[in-house]
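The residues making up each chain are set out below.
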Amino acid sequence: MSMRSKNKFLKFLGIALGSVFTLLLILYAFAEYSSQPSFCSTCHYMRPYVEAWKISTHSAVTCVDCHYPPGFKSHIRGKFTAISMVVNYFTGVYKKSKPWAEITDSSCLRSGCHEERVLTGTVLFKEGIIFDHWPHLTKLRRGKKLRCTSCHSQIVQGEHITVTESTCFLCHFKDQPEGASIDNCTLCHAAPEQGSDKEVKYDHSYVVEHDIACEKCHGPMQVGNGTVPPERCSVCHAEIGKIQRYGDIEFIHRNHVTDHKVECQNCHQIILHQSVSRSVGIMPECESCHAKSHAAQLDLFSGMGGKDVPPHPNPMFDEGLNCQGCHIFHQLESGFAEMGETALARAESCEKCHGGGYGRILQQWKNLMARKVDLLRIAFTTVEADIGSSVVSEKARQNALVMVNDARFNFELVEQGNFVHNVAYSDELLSAAHDRLAEALNLIGSTSAIPEIAVYSELVPSECKNCHYGQEEIDVATFGITFSHSIHIERNRLLCSKCHSNMRQHGELVIRRDECLSCHHSQDEVSCEKCHNIQSKIYSGSVDFATEAMPDFMYEAGVECRGCHEGTQGQVERVGADKCADCHDSEYKELLIEWQEATARSMEEVSGKMSGLPFDRLSVDDRKKIERVRQALQKIEKDRSGGAHNIQLIEETLLAYKEFLGHLPE
């Protein structure tokens, strides 16, 4: 080869190598540029995903770090795929077949990312929910091999590669046989128990200790069945052959879940993990055998349906408890009974979950509600009689009847629905009924009076009223003295949390005796009447038992409360019969005991006569008098002196009551 030819060849080779080098530089620059998230966002289809990535936990990780598997070959293969997608974008082919991204498990588990995630054991997914990656990624779940993206996906627009809970629910709740371990509640979240650093609405310690099944109270926690409508297949597939394999469950899941990243909700209808009571109704499906006869109970339990009464659901309804929490439907020890008995809930039903003593609260509800119902019956009789005999315009009469009908609606809702399903809401319904009856009397210009009823839901200024209905009427012994809830709650409007707490144990007493005394007996001049109102009225004879005042003889002599109730150290204390001997003869002690025993016998006789009366056959006036007798007995009981504060008044009052009741028909 001549020198000239050789030079030409070298020149050509240099130009060629330079061109190749330049081309490689251009390709490298384009490869680097196309690897940036800013390039990905140039495609409008990808823009929402890129925007979601920017605010995700992976915002510091570039797109290709996840979307290209580890290794040089994978990176090159990914580049060719990306180039083809760019070509499709500019040629419009993507409009016919949108891009479908798949992220391999190796991308997630690569060094420097989540390589130890499988080995870390349980983690806190969210408050109260635990999750373990190990069994989900290393073992078959319901016979299927899961991938990272089986749970971490982007079904919800704007949430990039986050955990989609609805996917969890499909595995854990779809077609689960009874007793299957995968739907065991405590696999994911422990039973909420009281802790030192938080409050819970219901401490499940008792439930855990006695191994009570969650379904006993909460019932089914699945809404939806997660079916796959065949027509969903045609959204992605146009080939008849593939659609014909619809029934091949094993193939379908291997091809879509294990081999390819297809979100479960692309095929399955959604399953919600929540109480059935919050979605499709609290009552079980009994209509095939029974008429729908529990609508009133449902209205009370859900706190709905009253006339002009705001919604007030039972806390147990809010927490998703179903009917079988207290009632066991058609179930025997041997299994399901086709025509079994529906168990009635009793105090034992409450104590099964709430522990001993709850039955006492239930009895308290019954006593207070029975009293209010009796008072409203008297009120209905009075109002309806006045409307019938009043001389008013027809419009006023009709308006009054509308008020009575509204009152009757609320009253019957409580009676038919059984107040125990929501005692606080029942109290509000009966109080609203009372107000409607009072309005009816006002519309017809009647001067008749109907019995006043306490609105217990307004007297307890806290959520405690949902269960501790009427607590203000309960006196308890604490710090060696009798404590009146009425004085503190009703009169002084103190919150229950002033003395009680739920931090460690529900309702525990956290106030100390010295803190009580910081309010009581700390003044130079203490007015006993401020707290001991009933005792003061009985002692002074101003209580409304008799038509005229009948003070105790010691009150007339100017003896103050401290004359008997002041101890040797100047402190105020409760005293017994021995205290009388300080001023009177020693025989006075026995005399006081005789007075108290006679008072107790008379109280028992009056109560016995009242319980046997034919209430429905009595006149309106007699019913009103009986109610005054009932109120008087309550005041005598609250006085707690057994008549000692004014024995003459108590004896004559009870004697008059016995004579009145004795003349009524039996």
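Bear in mind the structure is a predicted one, so any value in this text is a computation, not a measurement. (Residues numbered from 1 in each chain as written. Predicted model: local features only at pLDDT ≥ 70, side-chain atom pairs only at ≥ 80, totals over all residues. Heavy atoms only, no water.)

For the rest of this paragraph, the subject is the overall build of the protein. Helices and strands together make up the secondary structure of the protein, namely 28 helices and 12 strands. In the protein, which comprises 666 residues, the proportion classed as buried is 33%. The long-range fraction of contacts in the protein, counting pairs at least 24 apart against all pairs at least 6 apart in sequence, stands at 66%. Accessible surface, the protein: about 40800 Å² in total, of which carbon and sulfur atoms supply 56%. (Helix = DSSP H or I, 4+ residues; strand = E, 2+ residues; numbered from the N terminus. Buried < 20%, exposed > 50% of the residue type's maximum accessible area, 1.4 Å probe, protein only. Contact = heavy atoms within 4.5 Å. Areas by Shrake-Rupley, 256 points an atom, 1.4 Å probe, with all protein chains shown as cover.)

This next bit is on the nonpolar core. By size, the foremost hydrophobic cluster in this structure holds 36 residues, and its most contacted members are Trp365, Val383, Val404, Leu429, Leu430 and Leu437. Within the residue set of this core, elements represented by two or more residues are α14 (295-302), α17 (358-389), α18 (394-417) and α19 (423-443). For this core, the element with the highest residue contribution is α17, accounting for 12 residues. The residues contacting Val404, other than those within four sequence positions of it, are Phe380, Val383, Glu384, Ile387, Leu437 and Ala440. (Core = buried A, V, L, I, M, F, W, Y, C linked by side-chain atoms within 4.5 Å.)

What follows covers helix α26 (residues 587-611). Here α26 spans 37 Å end to end across 25 residues, near enough to the 36 Å set by a 1.5 Å rise per residue. Those residues of α26 that are buried lie in contact with α24 (553-556), α27 (620-639) and α28 (647-662). (Expected span 1.5 Å × (residues − 1).)

Where α17 contacts α19, the axes come no closer than 10 Å and their chain directions differ by 20 degrees. By the criterion of interaxial angle, the relationship of α17 to α19 is roughly parallel. Between α17 and α19 the crossing geometry is left-handed. For the pair formed by α17 and α19, the contact residues are Trp365, Met369, Lys372, Val373, Leu376, Ala379, Phe380, Val383 and Asp386 on the first element and Val423, Ser426, Asp427, Leu430, Ser431, His434, Leu437, Ala440 and Leu441 on the second. Tallied by class, the residues present in the contact of α17 with α19 amount to 12 nonpolar, 3 polar and 3 charged. (Axes fitted to C-alpha atoms, helices over the stretch in contact; angles between N-to-C directions. Parallel < 35°, antiparallel > 145°, perpendicular 65-115°, else oblique. Left-handed = near helix turned anticlockwise from the far one by under 90°. Nonpolar A, V, L, I, M, F, W, Y, C, P; charged D, E, K, R; others polar.)

So, on to the side chain of Ser150. Position of Ser150 among the secondary structure elements: in helix α8 (residues 148-151). Reaching out from Ser150, the side chain makes a polar contact with the backbone nitrogen of Arg147 at a distance of 2.9 Å. When near neighbours in sequence (up to four residues on either side) are disregarded, Ser150 contacts Thr167 and Val257. (Polar contact = N/O pair within 3.5 Å; in protein donor to acceptor, adjacent residues only side chain to side chain.)

Let us look at the pattern of salt bridges. Enumeration according to the criterion identifies 12 salt bridges in this entry. The partner of Arg436 in a salt bridge is Asp308, and the shortest N-O contact between them spans 2.4 Å. One end of the pair, Arg436, is in helix α19; the other, Asp308, is in the loop between α14 and α15 (315-318), with 128 residues separating them in the sequence. For Arg436, a relative accessible area of 16% gives the class buried. Across the pair Arg397 and Glu394 runs a salt bridge, and its minimum N-O distance is 3.7 Å. Separated by 3 residues within a single helix, Arg397 and Glu394 lie in helix α18, roughly one turn from each other. One network of salt bridges, in which partners are shared, links Asp374, Arg377, Glu415, Glu627 and Arg630. (Salt bridge = Lys/Arg side-chain N within 4 Å of Asp/Glu carboxyl O.)

Residues Phe72, Ile76, Phe80, Ile83 and Val87 make up a contiguous nonpolar surface patch of about 530 Å² in total accessible area. Considering the arrangement of structural elements, one finds Ile76 in helix α5 (residues 72-91). By relative accessible area, which is 34% here, Ile76 ends up partly exposed. (Patch = residues over 30% accessible without salt bridge, like charges linked within 9 Å, V, L, I, M, F, W, Y side chains within 5 Å.)

Taken together, the side chains of Asp585, Glu587, Glu590, Glu594 and Glu597 present a region of like negative charge at the surface. Examined against the element boundaries, Glu587 turns out to sit in helix α26. (Lys, Arg positive; Asp, Glu negative; His and termini not counted. Charge placed at Lys NZ, Arg CZ, Asp CG, Glu CD.)

In this structure, Asp308 takes a positive phi of about 60 degrees despite not being glycine. Here Asp308 falls in the exposed class, since its relative accessible area comes to 58%. If you check the backbone angles, Arg640 has positive phi at about 60 degrees while not being a glycine. Taking relative accessible area as the criterion, Arg640 reaches 39% and is therefore assigned partly exposed.

Time to look at the packing of α26 against α28. Axes are the key here: two packed helices are described by the angle between their axes and the distance separating the axes. Contact pair α26 / α28: the axes reach a minimum separation of 10 Å and the direction vectors enclose 25 degrees. By the criterion of interaxial angle, the relationship of α26 to α28 is roughly parallel. Crossing geometry of α26 relative to α28 is assigned as left-handed. Here Trp595, Thr599, Ser602, Met603, Glu605, Val606, Lys609 and Met610 of α26 lie close against α28, whose contacting residues are Ile647, Ile650, Leu654, Tyr657, Lys658 and Leu661. Taken together, the residues of the contact of α26 with α28 break down into 9 nonpolar, 2 polar and 3 charged.

Now for the confidence of the model for the protein. Looking at the protein as a whole, the pLDDT averages 76, with 77% of positions reaching at least 70. Throughout residues 329-340 the model reports pLDDT below 50, and contacts reaching past four residues in sequence, or to other chains, amount to 11 contacts. (pLDDT = per-residue confidence, 0-100.)

As a further point, take the environment of His354. Locating His354 in the fold gives a position in helix α16 (residues 347-354). Taking the C-alpha atoms as reference, His354 lies 9.6 Å from Ser205; in sequence the two are 149 residues apart.

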